Amino acid sequence: MFKGLSLFLLLISFTVQAEQWPGEQWPIGPKLTGPAVDALEAYAFPTRDDSTRKGLRTDALLVIRDGQVIYERYAAATTADTPHLTWSISKSLMATVLGVAYGEGLFKLDDPAATFYPALEKHPAITIQDLLHWASGIDWQEDYEYAPLKSSVVAMLYTRGHRDMAAFTANHDSYALPGQAFRYSSGDSNLLAAALKTIVGPQRYPDYPWTALFDPLGIRHATWETDATGTFVASSYAYMTARDLARIGLLMERDGRWNDRQLLPKDWVAFNRQPFAGYKAHQDEAVPGGQWWLNRPADGAASPWPDAPPDTFAALGHWGQALYVIPSENLVIVRYADDRDGSYRHNELLKRVLGAVRP
């Protein structure tokens, strides 16, 4: 009798703990409530200053746990149906698209990038892996508002380089040997987008992010702008709803698996989450992996986000865009924003979300 009862309880436990996956809609879990949620909202959604654009200006905050929506709030003109500009989250999206092509056996990490993008003939030693690490060695200045006249990225996106962004990048000189030094570069990311065109072929390329990644995940509201050559602007110009972006996060949280399909090879996801060995402490706000940002100690420095678990990783974008993934907590967090003054702190939001979700 007791053996039968134990088996029955075990079967119930398995049923209760079965993985949740979004279909057309996300499953809804227990709603977050209590003082810790109030503290989270006080930080994420202060009185919005639209006149001076100072302070935190959160447009969306979505928290997924165990594959279920447990918190969701929108502000200003953003709604659940708004495809929001992701800015540099686009870089991590391109890395995820490339992961599908990698799983098809279409390239290797140590392949020379010039094999797939001949305009890089001036830089024959750069590999796909180097570009993924923002370690091409190409002399690039990633400045926006602070030094626009010297900015490579402003010129690429808005002036002399905007018609062919990869060619503009490839024409820069080198400052270091490929693979030796980290320098954050939107140009490196757009070189990956140009290489992908040859990797998958020009016929597949225009639809490839959708057929390879978005459609299998049920992403229905994605837009990705191209330059005049038809190359995706992998550095900056993908748009998604918060709920659709969270599907990318859930895929990465579960090591590249979507339901019963291994959409991304596990070794690809492991590469994304491995710190670049050439990174020096405090070169950026987090530690670079394969076009994702990691909460890992590097070069003797502390973890970037000390109140978050060490396995936390993220896709981050200009003006406060963020997709955080915390596998040890079964958490995916999407934040969209229009921050302009640099006052937002990743660690503070992560600390408050964790305070709200933990018992």
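The model shown is predicted, which means the values in this text are computed figures rather than measured ones.

A.B. asks: Tell me what's going on with the sheet that holds strand E3 (residues 84–85), and back it up with residues and numbers.
C.D. replies: Hydrogen bonding along the main chain pairs the strands of a sheet, whether they run parallel or antiparallel. Strand order in this open sheet of three strands is E3-E5-E4, and the pairing throughout is antiparallel. Bordering the open sheet on either side are E3 and strand E4 (223–224), each of which pairs with just one other strand. With two bridges joining them, E4 and strand E5 (residues 238–240) adopt antiparallel strand pairing. Residue pairing in the sheet places Trp-224 in a bridge with Ala-238 of E5.

A.B. asks: Mind laying out the layout of surface pockets, listing which residues take part and the relevant values?
C.D. replies: There is about 190 Å³ of room inside the second largest pocket. Lining the second largest pocket are Glu-24, Gln-25, Trp-26, Ala-80, Asp-81, Gly-218, Arg-220, His-221, Thr-241, Arg-243, Asp-244 and Arg-247. By residue class, the composition of the lining of the second largest pocket is two nonpolar, four polar and six charged.

A.B. asks: Mind laying out the pattern of salt bridges, listing which residues take part and the relevant values?
C.D. replies: Evaluation of the coordinates by the stated rule reveals 19 salt bridges. Where Glu-72 meets Arg-243, a salt bridge forms, and the shortest distance between an N and an O atom there is 2.7 Å. With a gap of 171 residues between them, Glu-72 in strand E2 (residues 68–74) and Arg-243 in helix H9 (residues 242–253) connect regions that are remote in the sequence. On the basis of relative accessibility, which here comes to 17%, the residue Arg-243 falls in the buried class.

A.B. asks: Account for the nonpolar core, naming residues and giving values.
C.D. replies: Counting 110 residues, the largest nonpolar core has Leu-196, Ile-248 and Leu-349 as the members making the most contacts within it. Counting residues per element, this core draws most heavily on helix H3 (residues 89–103), which supplies nine residues. Apart from the residues lying within four places of it in its own chain, the contact partners of Leu-349 are Leu-40, Tyr-43, Ala-44, Leu-61, Tyr-324, Ile-333, Arg-335 and Tyr-344. Counting residues in hydrophobic clusters, the runner-up holds 12 residues, among them Trp-87, Trp-140, Phe-168 and Tyr-237.

A.B. asks: Give me helix H8 (residues 208–217): which residues, what numbers.
C.D. replies: Listed as buried for H8 are Tyr-208, Pro-209, Ala-212, Leu-213, Phe-214 and Leu-217. Buried residues of H8, viewed axially, fall in a sector of 140°; they line one side. Contacts from the buried residues of H8 go to H3, helix H7 (186–200), E4, E5, H9 and strand E6 (257–258). Backbone geometry just downstream of H8 places Gly-218 in the positive-phi region, at approximately 80°.

A.B. asks: So what's going on with empty space enclosed by the protein? Residues and values would help.
C.D. replies: By rolling a water-sized probe across the atoms, one finds the places where empty space is left. Applying the stated criterion across every chain, the model contains one cavity of 30 Å³ or more. Within this model, the largest cavity holds a volume of roughly 30 Å³. If you trace the largest cavity, you find it lined by Ser-88, Lys-91, Ser-92, Trp-134, Tyr-184, Gln-291, Trp-293, Ala-315 and Leu-316. Of all the elements in the fold, those that place two or more residues in the lining of the largest cavity are H3 and strand E10 (313–317). When the residues that make up the lining of the largest cavity are grouped by side-chain class, the tally is five nonpolar, three polar and one charged.

A.B. asks: Could you give an account of the confidence of the model for the protein, naming the residues involved and the relevant values?
C.D. replies: Chain-level statistics for the protein give a pLDDT mean of 94 and a share of 94% at 70 or above. Confidence, read as mean pLDDT per element, is least for helix H1 (residues 2–16) in the protein (46) and greatest for strand E12 (residues 331–337) (99). Scored below 50 in pLDDT, residues 8–16 shows zero contacts in the model against residues more than four places distant or in partner chains.

A.B. asks: Account for the sheet that holds strand E9 (residues 293–294), naming residues and giving values.
C.D. replies: Taken together, seven strands build an open sheet; the order of strands is E2-E1-E12-E11-E10-E9-E8 and the sheet is antiparallel. The sheet is open, and its two borders are formed by E2 and strand E8 (287–288), each paired with just one other strand. Sitting on the sheet, helix H11 (residues 346–357) touches strand E1 (58–65), E2, E10, strand E11 (321–326) and E12, and the angle it makes with E12 is about 135°.

A.B. asks: Give me the lowdown on the packing of H3 against H8, citing residues and values where you can.
C.D. replies: Axes are the key here: two packed helices are described by the angle between their axes and the distance separating the axes. The N-to-C vectors of H3 and H8 enclose an angle of 90°; their axes lie 9 Å apart at closest approach. With respect to H8, the axis of H3 lies roughly perpendicular. On the side of H3, the interface is formed by Leu-93, Thr-96, Val-97, Val-100 and Ala-101, while H8 contributes Tyr-208, Pro-209, Ala-212 and Leu-213. Grouping the constituent residues of the contact of H3 with H8 by class yields eight nonpolar, one polar and no charged.

Reading guide: rules and limits
- Positions within a chain are numbered from 1, following the residues in the order the chain's sequence is written.
- Totals for whole chains, interfaces and linings use every residue, but because this is a predicted model, local features are given only for residues with pLDDT of at least 70 and side-chain atom pairs only at 80 or more, for both listing and counting.
- Each side-chain value is derived from all of the structure's non-hydrogen atoms; neither hydrogens nor water enter the calculation.
- Whether two strands pair depends on DSSP finding at least two bridges between them.
- The helix and strand labels rest on DSSP assignments: H or I over at least four residues marks a helix, E over at least two residues marks a strand, and numbering proceeds from the N terminus.
- Here a cavity means grid points, on a 1 Å grid over the protein atoms only, where a 1.4 Å probe fits yet cannot get out; a pocket means an open set of points with protein on both sides within 12 Å along at least five of seven lines; lining residues are those with an atom within 4 Å of a point.
- Grid points are joined across faces, edges and corners, and a volume is the space filled by probe spheres set on the points.
- Three residue categories are used. Nonpolar comprises Ala, Val, Leu, Ile, Met, Phe, Trp, Tyr, Cys and Pro, charged comprises Asp, Glu, Lys and Arg, and polar comprises the others, including Gly.
- What makes a salt bridge here is a side-chain nitrogen of Lys or Arg within 4 Å of a carboxyl oxygen of Asp or Glu, nothing more.
- With a 1.4 Å probe rolled over the protein chains alone, any residue whose accessible area is under 20% of its type maximum counts as buried; one over 50% counts as exposed, and the rest are partly exposed.
- Here the nonpolar core consists of buried residues drawn from Ala, Val, Leu, Ile, Met, Phe, Trp, Tyr and Cys, with membership extended through side-chain atoms lying within 4.5 Å.
- Residue contacts are defined here by distance: any two heavy atoms, one from each residue, within 4.5 Å place the two residues in contact.
- Within this analysis, the arc is defined by the directions that extend from the helix axis to the C-beta atoms.
- Per residue, pLDDT measures the predictor's confidence, with a range of 0 to 100.
- The angle between two axes is taken between their N-to-C directions and runs from 0 to 180 degrees, where each axis is a line fitted to C-alpha atoms and a helix contributes only its stretch in contact.
- Should an angle fall under 35 degrees it is taken as roughly parallel, and over 145 as roughly antiparallel, whereas 65 to 115 is taken as roughly perpendicular and any remaining angle as oblique.

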